[in-house]
Structure formats: C-alpha cells, structure tokens
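As a plain string of letters, each chain reads:
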Amino acid sequence: MNQWTFVFAAYAVALGGTAGLIGWALASCRRAEDRATRIGRPQ
Amino acid sequence: MHRFANPARFLKIARPVTSWLLGIGFVLSAIGIVGALFLMPPDYLQGQTARILHIHVPAAWLGMSGWTGIAVASAAQIIWRHPLAGVAARALAPAGATFAFICLATGSIWGRPTWGTWWEWDGRLTSMLVLFFLYCGYMALAAAEKERGPDGRAAPVFGLVGAVNLPIIHYSVQWWNTLHQGESISLTKTTIAPELLWPLPFTLLGFSALFGAVVLLRMRAELAEAKVEARLRRAAAE
C-alpha cells in the first residue's frame, strides 16, 4: 500500500474543496454586487 | 459591535479586508502545504500519512469555529437584533460545512492506512458527522426563513441549540473509548515533535484567513442581494 496515494488524495480533497468554496464565494459576490450596481444606476 | 451595524460602514472595511485575507491566506497555506508535503520528515510510526494532519487539523478547527460563530451571531440576532448578525450567520454556514466535510474526508483517508478502516462509528467521528448534518439543516432552514422575512427566529434558535454539539466533539475522546487518538496539541503543550509540527501554524492561519475571506465575500453578496430586493420592491410600489 503506497502511503503517498492517501496523502495526495487527502490534499486533493482539501485543496479542491477550498478552491471550489473560494471560487463560488467570489463569483456569487461579484454577480450580486454587479447586479446591485446595475439596478442602482439611473435608467 | 454596533459600530458595524451600518452596512455601508461595514462594506467600506470588508472590501479591502477581503483582499488582504485572500492574499495572506494563499501565502501562508502555500508555505504550510509545501512544508508538510516536501520538507518535513515522515513520522517514525505513521510514515508519510502523518502529513495529512496538516490539513485535517485546520479543517476540524474551522468546522467547529464556524458553528461557534453561528452561535455567537445567533445570540446577537436574538438579544440585540443586530442587523448584520443574521447575514454573518448565514455567511458562516457554507464555509463551516465545507471544512467539516473536508475534516471528515481527510480523516477517513488517513484512517484507511492507519486504522485499516475508512470509517468507525466512534464518538469523535460520529459527533463531527452530526456537525456536518447540522450545517446542512441550518442552511436549509435559514434559506427558507430568509424568504419569509427578516424576523424569523427558527434559524438563530437552531444555531444556538446546535452549539451543544461542540463540547461533545471536543471531549468525545475523553468521555468515551474511541479509536480516534486523544488530544495531542493544546495551547500550552504538544506531544508532536517540532520537526513534524512546524508547518501546522502556517496551514492553521492560512486556511483561517481564507475562511474569513469567504465569510466576508458571502456577507457582501447577501447585502448586495438585499439591496437589489429593496430597490425592486420600491420600484414595484411606485
């Protein structure tokens, strides 16, 4: 049993999960703030 | 705390702090991960799998800290009706749930070569799984309650009651005979050799900074969504 396989699998889960969370938070924040700016602007 | 009750004042501070937290978080996490994967020696007993500790411990810490934050924000929402407390609690939930899941997954991956099993229904693992389910329940409840208006009490009460699970997670290794090892790191002492331990403060602080950035981003998104809703409601009424 190669221990490095487990080590890399654990890091892949942790880094993938964290990157996904940050990406989702950044995208949702940008989308919401852009929409708020657009709607706030006079037509 | 009430100084930041004004969303405009909060946003003025939150925008630059988010960028700083992301920058600091990436740098510290990168140092800790490189140290844990390539610079520290293998453990004499566990071998290479001891490297998993440096992501498992921060994930456990942030999973539990997230719910501590939800409980504090829920109390502020119920007692002081702080306008940002509900927003903060809702912003903490997805970040806390993600790290609780990472804690469970990395622990399971570590357990297979070390214990010979992916999962064991022992006190520590089960109470951490309960925490993950509490996060899922909180997110569903808070989303449903948000649609009905800002005066809901179910989500903050759930946030406070769920905090009962935190001491159960912490003391589970003392209260019951568990497969999970006892406390090996505390504020005053550790049983881990310094050569193996040094990357941990970097990953702990780095992931904590990234967690803080995610919470601020979610709070900013929630405030922007509330602004849009208020404007659309006002336009519909005119």
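Residues numbered from 1 in each chain as written. Chains lettered and ligands numbered in written order. Predicted model: local features only at pLDDT ≥ 70, side-chain atom pairs only at ≥ 80, totals over all residues.

The next thing to look at is the interface of chain A and chain B. Tallying the contact residues gives 24 residues for chain A and 30 residues for chain B. Of the residues assigned to the side of chain A that touches chain B, the class counts are 17 nonpolar, five polar and two charged. (Contact = placed C-beta atoms within 7 Å. Nonpolar A, V, L, I, M, F, W, Y, C, P; charged D, E, K, R; others polar.)

Residue and element names in this part refer to chain B. One non-glycine residue, Arg81, lies in the positive phi region at around 50 degrees. Tracing the chain through its elements places Arg81 in the loop between helix 2 (53-79) and helix 3 (85-115). Residue Arg81 is classed as exposed on the basis of its 12 C-beta neighbours within 10 Å. (Helix = DSSP H or I, 4+ residues; strand = E, 2+ residues; numbered from the N terminus. Buried ≥ 20, exposed ≤ 12 C-beta atoms within 10 Å, placed from the backbone.)

It is worth spelling out the packing of helix 4 (residues 123-148) of chain B against helix 6 (residues 165-175) of chain B at this point. All names here are of chain B. The interhelical angle for the contact between helix 4 and helix 6, taken along N-to-C directions, is 170 degrees, at an axis separation of 8 Å. Between helix 4 and helix 6, the interaxial angle falls into the category roughly antiparallel. Contact residues: helix 4 offers Gly123, Arg124, Ser127, Met128, Val130, Leu131 and Leu134, while helix 6 offers Asn165, Ile168, Ile169, Ser172, Val173 and Trp175. Of the residues belonging to the contact of helix 4 with helix 6, the class tally is eight nonpolar, four polar and one charged. (Axes fitted to C-alpha atoms, helices over the stretch in contact; angles between N-to-C directions. Parallel < 35°, antiparallel > 145°, perpendicular 65-115°, else oblique.)

So, about the nonpolar core. Ala88, Leu92 and Val214 of chain B are the most contacted members of the largest nonpolar core, which has 68 residues in total. Listed by contribution, the elements that provide at least two residues to this core are helix 1 (3-40) of chain A together with helix 1 (7-39), helix 2, helix 3, helix 4 and helix 8 (199-237) of chain B. Excluding residues that lie within four positions of it along the chain, Ala88 of chain B makes contacts with Ala73 and Met219 of chain B. (Core = buried A, V, L, I, M, F, W, Y, C linked by C-beta atoms within 7 Å.)

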